[in-house]
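Here is what each chain is made of, one letter per residue.
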Amino acid sequence: MHEFGAQLANGLALGAIYALIALGYTMVYGIVELINFAHGDVYTFGSFITLVILTALGITGEAHGVLLVVAVVVALLGSALACGVLAILIERVAYRPLRNAPRLAPLITAIGVSFILENALQLWKGPAPITVPALIPNPRFLGGTFSLAQVSVIVLAVVTMFALQFLVHRTRLGMQMRAVAQDRDAAALVGIDANRTIALTFLIAGALAGIAGMASGVYYQSTWFLNGFGAGLKSFTAAVLGGIGNIAGAMLGGFCIGLLEAFTSATIGGQWANVAVFTVLIAVLVIRPNGLLGTNLPDKL
Amino acid sequence: MSLLDVREVVVSFGALRAVDHVSLELEAAQIIGVIGPNGAGKSSLFNAISGATRIASGEIFCSGTRIDRLRIDEIARSGIARTFQNIRLFGHMSVQANILVGEHATLHSGVLADMLHTKAMQSEERVATNRAIELLEFVGIPSSHAGRDARELAYGEQRRLEIARALAASPKCLLLDEPAAGLNATEKRDLAKLVRRIAEMKIAILLVEHDMSFVMPLCERLIVLDYGKKIADAIPSVVRADPVVLAAYLGVAP
Amino acid sequence: MIYAYAALAIVAAVLIDRFPSPRLRRIVIVALAIPLLLVPLIDPSEATRNLLADASIYVALALGLNIVVGFAGLLDLGYAAFFAIGAYAYGMLASPQFGLHIPFWVILLLAGPLAALFGMILGAPTLRLRGDYLAIVTLGFGEIVPQIFQNLTAYTGGPNGIPGLDVPSFFGKSFGASALPFYYLALALVALAIFIAGNLRASRLGRAWLAIRDDELAAKHAGIDTTRAKLAAFAIGASFSGCAGVLFAAKLGLVSPDLFGFQVSVLIVSMLVLGGMGNLSGVVIGSLVLTMLNSAILPQANMLAATLLHVHVDLSQYHFAIYGVILVAMMLWRPSGLIARRAR
Ligand SMILES: Nc1ncnc2c1ncn2[C@@H]1O[C@H](COP(=O)(O)OP(=O)(O)OP(=O)(O)O)[C@@H](O)[C@H]1O
Ligand SMILES: [Mg+2]
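Residues numbered from 1 in each chain as written. Chains lettered and ligands numbered in written order. Predicted model: local features only at pLDDT ≥ 70, side-chain atom pairs only at ≥ 80, totals over all residues. Heavy atoms only, no water.

*Asks:* Account for the overall build of chain C, with residues named and values stated.
*Replies:* Check the secondary structure of chain C and you find 14 helices and 2 strands. Computed over C-alpha atoms, the radius of gyration of chain C comes to 20 Å, within 12% of the 20 Å expected from 2.2 N^0.38 for 344 residues, which places it in the range of a compact globule. When its C-alpha atoms are laid out on the principal axes, chain C stretches across 55 × 50 × 45 Å. Split into buried and exposed, the 344 residues of chain C put 59% on the buried side. When the accessible surface of chain C is split by element, carbon and sulfur atoms take 70% of a total near 13000 Å². With 20 positive and 14 negative side-chain charges, chain C shows a separation of 13 Å between the mean positions of the two kinds. (Helix = DSSP H or I, 4+ residues; strand = E, 2+ residues; numbered from the N terminus. Rg over C-alpha atoms; globule rule 2.2 N^0.38 Å. Buried < 20%, exposed > 50% of the residue type's maximum accessible area, 1.4 Å probe, protein only. Areas by Shrake-Rupley, 256 points an atom, 1.4 Å probe, with all protein chains shown as cover. Lys, Arg positive; Asp, Glu negative; His and termini not counted. Charge placed at Lys NZ, Arg CZ, Asp CG, Glu CD.)

Below, the structure written as structure tokens:
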């Protein structure tokens, strides 16, 4: 029972990180129908930036009180901003010129961008895993099952999802995003600047990856240059599982994948976790491509 | 039984009934026009017959066999060929290859023969290529264009190439979705001639068109759709005088 | 010598597409193939032979993937899986692992059909998916297959793989430690791949693939059973990968799961993108250029930089970035590859 609780906590925290990344996939796919393959590496970039920020703040271990709050806020915002800017750059350079090209062209450049980023990250911090300071103290909740870091990560993901829901469904920008997703030409006719809207979508998606990168860096106290490859793929699986284009779906999918990975690792063994997740990916796409909650994609033939 | 027999076909998109209990019959060598305002369901009817859209209810027969449950390619092989309202050629393939793709179902070479270019395969290819050139000339495209990419053709030629590709399958029934759209007066006249010559080959033709002056002299009968429903089905002169049809086009009550 | 060879091969590949007459083309091919056979004899260093053998294996891989990606338009990101299947077939059947020492030639012959079977099995679930989802599903398979090889330790040696594979022999004469026989075998595989791919492109099935790539719905309306056509592409493409895998494993003398990851699949995709997807001579050039870059040009450039500029860099660190730049730059500026394709 205790073991179950521990895996539940692990799975939910891991799932929260996948969910945050999945939100970015789902937003971008929703608006430009592109599997933004480089998204996972933007997430890795976020964890690297977090390390830089924490180092700059002189933090090497647990922080408390004001310093903790400041460190968390600065790392979150800094990482989100850096990743958001990176995502916009990528869109501008590698995707926008191909918006009217055959569908697979931007996917291929996305893979290319991913490789470039991975190589850059490797050159920056080397090929070995790198340690991130254990910023968050370690009190425990719910009978000792959940650590503070786990609770924070989960709460962060849920709050972010609600904020995003609000943004997409209640604000002017959200309305414009949905309009562009529906029909770019029609949106242009009513005066919406599609380029700007798409760039902002990438900014938000990148910022979400940055938040995820910060969260995972601090929670796992470790990162490395290829982190985003597996995490990205699993998060994309989460987005598809929930229903691509669907914000609540991305969150649900993220938690499902996190739990699946945690429990597979605990029962059959960690080496089967990837096999389990990719099997789910294949099964969902083949059996129920619209995912659990259905897609929010316009039906373009 | 008729060559093409469409019975009480319904096509739904959510709450919208794009085709609403439409029936029609078509005989070999007959040319029937389908007209109606924008969004009346003409293309949806074509999609239903050719299998691109599943029908919600009704039945479709082609020379006596039921086809409405078959896959698109099976329907095509059962003798129904079509063109598209928005031209859908294989743009990166040559003009000749486009027609050869149309001949796909009439050819028999298997994977191994294709890999090895066996004698039998090569002679089949020669026949197929000759036929492609014949078809090209039949629809009025100079055979000197055979080697060019299809997307490089002029618009009117692309429309005719699409017809040639459809004919390459030796269909019993040909569905033409707005073949005259975007053509000038001369091209339209040539097209009408071409359509007649196709009908003379004992092929049944169902044709969507907006231009009344094009369909009136060409079609034996006209079927009028409005909001998915068939509101008229008669010879052209009768249809033209039908107050219900006029009302549908002008948007006023009869 | 390597450069002379590379230049020659590139000239050959460029020329092939420029000769419309099949007769003339055949003569040119034969004329240019002879030096290909002689190069390793003129330059007898083992490094050269090794390099040539590897390059030819990659060319064969790229030609196989080209059938799937270039002809049928199915972006297979898990192509290395079939390479792994071929390699592991040799690893498990011709090694002390199970004490089976099935002859190399038997496995080489069986690897094609075996990989083709897996190509169909792994391809089948993707048939109805749209292009980008298909890419991701194949990527998933590409990750699962080596992972399974890694996990089934009892059969595959786990993460360490299987060492000490049998050295093939030809009529009782062992290949020994030389890469030369592998070079000739790989060259034969390349020739076979070019022959088959070239024939297919000008055939009923090949046209069906190109039609599906251009407009799948219109292809169906032309009476093409797209399911069968796609399965055939997966099967034929995979079979080349399987054969190449056997050569690769036998030449290396070992197999291990880390040799067949996503990077390998993307490397081969980069070769296609560089040369031009669907363009046979382009694909040959693309794969030669990239292999040369990896194993000859970058190391040379390191030395040049060290001697001329007195900078010590290890350019081989930039492999990933180079593939990435190729993918991005080509898609942005030369989407149909370095050599523009002729109309068919
Ligand atoms: N895939 C689809 N999903 C939802 N609605 C559709 C779809 N295809 C067609 N419709 C709707 O069905 C109705 C009939 O469309 P259809 O294209 O058949 O009309 P049409 O008579 O061919 O018009 P036009 O003259 O403009 O070509 C329209 O209201 C259209 O919006
Ligand atoms: Mg229409």
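*Asks:* Give a detailed account of helix α9 (residues 204-214) of chain C, specifying residues and quantitative values.
*Replies:* For α9 of chain C, the tally of buried residues reaches 9 of 11 residues, placing the bulk of the element in the interior. Taken residue by residue, α9 of chain C has R204, L205, G206, R207, A208, W209, L210, A211 and I212 of chain C as its buried positions.

*Asks:* Run through the sheet that holds strand β2 (residues 16-26) of chain B, naming residues and quoting values.
*Replies:* Residues and elements named next belong to chain B. Within the open sheet, the 4 strands sit side by side as β2-β1-β4-β5. Their pairing is antiparallel. The strands lining the two open edges of the sheet, one partner per strand, are β2 and β5 (65-66). Judged from the 2 bridges that link them, strand β4 (residues 57-62) and β5 form a sheet pairing that is antiparallel. Directly across from F61, in β5, lies its bridge partner R66. Strands in contact with helix α1 (residues 42-50) are β1 (4-13), β2 and β4; relative to β1, the strand with the most contacts, it is inclined by about 115°. (Pairing = 2+ DSSP bridges. Contact = heavy atoms within 4.5 Å. Axes fitted to C-alpha atoms, helices over the stretch in contact; angles between N-to-C directions.)

*Asks:* How would you summarise the interface of chain A and chain C if you had to cite specific residues and measurements?
*Replies:* Accessible area lost during the coming together of the parts is what is often quoted as the interface size. Tallying the contact residues gives 38 residues for chain A and 38 residues for chain C. By the criterion of area lost to chain C, the three top residues of chain A are I108, F115 and I282 of chain A, representing 19% of everything that side buries. For the interface between chain A and chain C, the tally reads 2 salt bridges. A salt bridge links D132 of chain C to R103 of chain A, with the nearest nitrogen and oxygen atoms 2.8 Å apart. (Buried area = accessible area lost by both parts, 1.4 Å probe. Salt bridge = Lys/Arg side-chain N within 4 Å of Asp/Glu carboxyl O.)

*Asks:* Could you give me a rundown of the pairing of β4 of chain B, with the residues and numbers involved?
*Replies:* Residues and elements named next belong to chain B. Here β1 runs beside β4; their pairing, made up of 5 bridges, is antiparallel. In the strand pairing of β4, L4 is matched with C62. In sequence, β4 turns back onto β5 through a hairpin of 2 residues, with S63 there showing a positive phi of about 35°.

*Asks:* How would you explain the coordination of the magnesium ion (ligand 2) if you had to name every residue and give the values?
*Replies:* Residue and element names in this part refer to chain B. Donor atoms from the polypeptide that bind the magnesium ion (ligand 2) are S43 (OG) and Q85 (OE1), placed at 1.9 to 2.1 Å. Separated by 42 residues along the polypeptide, S43 in helix α1 and Q85 in the loop between β6 (80-82) and α3 (95-102) bring together distant segments of the chain. When its relative accessible area of 21% is taken as the criterion, S43 is described as partly exposed. (Donors = N, O, S within 2.8 Å, 3.2 Å for Na, K, Ca; no water.)

*Asks:* Explain helix α6 (residues 172-182) of chain A to me, using residue names and the numbers behind them.
*Replies:* Each full turn of the α-helix corresponds to 3.6 residues, which orients residues three or four apart in the same direction. Residues and elements named next belong to chain A. Among all positions of α6, only L173, G174, Q176, M177, V180 and A181 are buried. For α6, the arc enclosing every buried residue in end-on projection is 160°, short of the 170-degree limit, so these residues lie on one face. In this structure, α6 carries R172 and Q182 as exposed residues pointing more than 90 degrees from its buried face. Looking at the buried residues of α6, the elements they touch are α1 (2-32), α5 (148-170), α7 (184-189) and α8 (194-220). (Arc of directions from axis to C-beta.)

*Asks:* Explain the interface of chain C and chain B residue by residue, including any values.
*Replies:* Every contact between the two is made by 28 residues of chain C and, on the other side, 34 residues of chain B. Around 2800 Å² of area is buried between chain C and chain B when both sides are counted, 60% of it from carbon and sulfur atoms. For the chain C face of the interface with chain B, the top three residues by lost area are R204, R207 and H221 of chain C, together amounting to 28%. Run the count over chain C and chain B and you get 3 salt bridges.

*Asks:* Quick one: what's the story with the side chain of S79 of chain A, residue by residue and with numbers?
*Replies:* Residue and element names in this part refer to chain A. For S79, the position within the fold is in helix α3 (residues 65-95). With a relative accessible area of 0%, S79 lands in the buried category. There is a polar contact of 3.3 Å between the side chain of S79 and the backbone oxygen of G46. In this view, S79 contacts G46, I49, T50, I53, G210, I211 and M214; residues no more than four positions away in its chain are not counted. (Polar contact = N/O pair within 3.5 Å; in protein donor to acceptor, adjacent residues only side chain to side chain.)

*Asks:* How would you sum up the packing of aromatic side chains? Please name residues and give values.
*Replies:* Residue and element names in this part refer to chain C. Applying the stated rule across the entire model yields 30 aromatic pairs over all chains. A centroid spacing of 6.3 Å and a plane angle of 75° characterise the contact between W105 and F175, whose relative ring orientation is edge-to-face. Taken as a pair, W105 in helix α5 (residues 104-123) and F175 in the loop between β2 (173-174) and α8 (180-201) lie far apart in primary sequence, 70 residues in all. Here W105 falls in the partly exposed class, since its relative accessible area comes to 29%. The structure contains a cluster of three or more aromatic residues connected by ring pairs, namely Y90, F104, W105, F170, F171, F175 and F182. (Phe/Tyr/Trp six-rings, centres within 6.5 Å; stacked < 30°, edge-to-face > 60°.)

*Asks:* Account for the pattern of salt bridges, naming residues and giving values.
*Replies:* Going through the model one piece at a time under the given rule, you end up with 30 salt bridges over all chains. The salt bridge involving E91 of chain A is made with R99 of chain A; its shortest N-O contact spans 2.6 Å. Owing to a relative accessible area of 1%, E91 of chain A belongs among the buried residues under this scheme. Salt bridges sharing common partners tie together D5, R7, E59, R66, D68 and R69 of chain B.

*Asks:* Tell me about empty space enclosed by the protein, and name the residues and values.
*Replies:* Throughout the structure, instances matching the rule amount to 5 cavities of 30 Å³ or more. Roughly 70 Å³ of internal volume is contained in the largest cavity. What lines the largest cavity is A81, R82, F84, G102, R165, A166 and A169 of chain B together with A218, H221 and A222 of chain C. Among the secondary structure elements, those contributing two or more residues to the lining of the largest cavity are β6 and α6 (155-168) of chain B together with α10 (216-221) of chain C. In terms of residue class, the lining of the largest cavity is made up of 6 nonpolar, 2 polar and 2 charged. (1 Å grid on protein atoms, 1.4 Å probe; cavity = no way out; pocket = protein on both sides within 12 Å on 5 of 7 lines; lining within 4 Å. Points joined across faces, edges and corners; volume = space filled by probe spheres on them. Nonpolar A, V, L, I, M, F, W, Y, C, P; charged D, E, K, R; others polar.)

*Asks:* Explain the sheet that holds strand β8 (residues 204-208) of chain B to me, and be specific about the residues and the numbers.
*Replies:* All names here are of chain B. As summarised here, the arrangement of the 6 strands in space is β6-β7-β8-β3-β9-β10, forming an open sheet in which the pairing is mixed. Single-partner strands in this sheet number two, and they are β6 and β10 (229-234). On average, adjacent strands in this sheet sit at an angle of 20° to one another, irrespective of strand direction. The pairing of β6 with strand β7 (residues 173-177) spans 3 bridges and is classified as parallel. Across the sheet, R82 pairs through a bridge with L175, a residue of β7.

*Asks:* Break down the domain arrangement of chain B for me, with residues and values.
*Replies:* All names here are of chain B. Examined at the domain level, chain B breaks down into domain 1 (1-79 + 171-254) and domain 2 (91-168). On a C-alpha basis, the centres of domain 1 and domain 2 stand 27 Å from each other. Of the residues lining the interface, 17 residues belong to domain 1; the matching set on domain 2 comes to 10 residues. Summed over both partners, the interface of domain 1 with domain 2 comes to about 1100 Å²; 77% of that surface belongs to carbon and sulfur atoms. Broken down residue by residue, the surface that domain 1 buries against domain 2 is led by P171, L194 and R197, which jointly contribute 32%. Along the contact surface separating domain 1 from domain 2 lie 0 salt bridges. The tally of links from domain 1 across to domain 2 stands at 2 residue pairs in polar contact (both at pLDDT 80 or more). Of all elements in the fold, only β7 and α7 (185-200) reach the threshold of two or more residues within the side of domain 1 that touches domain 2. Element by element, the count of residues in the side of domain 1 that touches domain 2 is highest for α7, at 5 residues. (Domains from an automatic or database assignment.)

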